[in-house]
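Structure assessment
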Amino acid sequence: MRRPTTLLTVAVVATALILAAAAPASAGKPLRELLPSEDFVISGSCDFDVLVHNVENKEFIKTYFDDDGNPTRQIVNGRLVSELTNLETRKSIVYNISGPGFITFFEDGSVDFVLKGRALAFFSPGDVEDLPLLFVNSGQLTIHIDPDGNILGVEQVGDVEDVCAALA
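Residues numbered from 1 in each chain as written. Predicted model: local features only at pLDDT ≥ 70, side-chain atom pairs only at ≥ 80, totals over all residues. Heavy atoms only, no water.

1. Some thoughts on the environment of Gly-153
- Of note, Gly-153 is situated in strand β9 (residues 151-162).
- Taking the C-alpha atoms as reference points, Gly-153 and Ile-143, 10 residues apart in sequence, are found 6.0 Å from one another.
- What Gly-153 contacts, discounting residues up to four positions off in sequence, is Thr-142, Ile-143 and His-144. (Helix = DSSP H or I, 4+ residues; strand = E, 2+ residues; numbered from the N terminus. Contact = heavy atoms within 4.5 Å.)

What follows is the structure in structure tokens.
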């Protein structure tokens, strides 16, 4: 299987790399930071490429550390409104995907992502069964990742809007 490719995952992986260097100085205290993001293109989830442009981003990430300075969990919340555009037809839809999101880091290197509320998720072919590869979830989406970054399982509760179908 391939690495998880949810919008939250992209942001969290970048943040985790930054936090790895800052963690020893932050041990014991949560660290709250703005979670910036840039436009990006999703390829392979739909029959066309999709541009993700954040119209409004006021998201923050709060990271909690153990006594040794290792991140143990993160919480992402705040307002995130994104415009998704089919790059072939230029059809676009704006979504409020403010979450929140919760990330738990386990000692073995595995990670759980729990996306609540409204969240955007996108996957590569073969990553998930019985779900679209690009969708907005309203409810809860849990993604279990092994230490090598492989998706072990995805649990979805609530409503799913197939973004590929909506943008076709």
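2. What to know about the pattern of salt bridges
- This model, assessed by the stated rule, comprises two salt bridges.
- Residues Lys-58 and Glu-56 are paired through a salt bridge, measuring 3.5 Å at the closest nitrogen-oxygen approach.
- Taking the shortest distance from any N to any O, the salt bridge between Glu-56 and Arg-79 comes out at 2.7 Å. With a gap of 23 residues between them, Glu-56 in strand β3 (residues 50-65) and Arg-79 in strand β4 (residues 71-86) connect regions that are remote in the sequence.
- Look at the salt bridges and you will find they share partners, linking Glu-56, Lys-58 and Arg-79 into a network. (Salt bridge = Lys/Arg side-chain N within 4 Å of Asp/Glu carboxyl O.)

3. Overview of the state of the cysteines
- Applying the stated criterion across every chain, the model contains one disulfide.
- Here Cys-46 engages in a disulfide with Cys-164; their sulfurs sit 1.9 Å apart. Between Cys-46 and Cys-164 the disulfide shows an S-S torsion of about -85°. By sign, it is left-handed. With Cys-46 in the loop between β2 (40-42) and β3 and Cys-164 in helix α2 (residues 163-167), this residue pair connects regions lying 118 residues apart in the sequence. Exposure class is identical for Cys-46 and Cys-164. Each is buried. (Disulfide = S-S within 2.5 Å. Buried < 20%, exposed > 50% of the residue type's maximum accessible area, 1.4 Å probe, protein only.)

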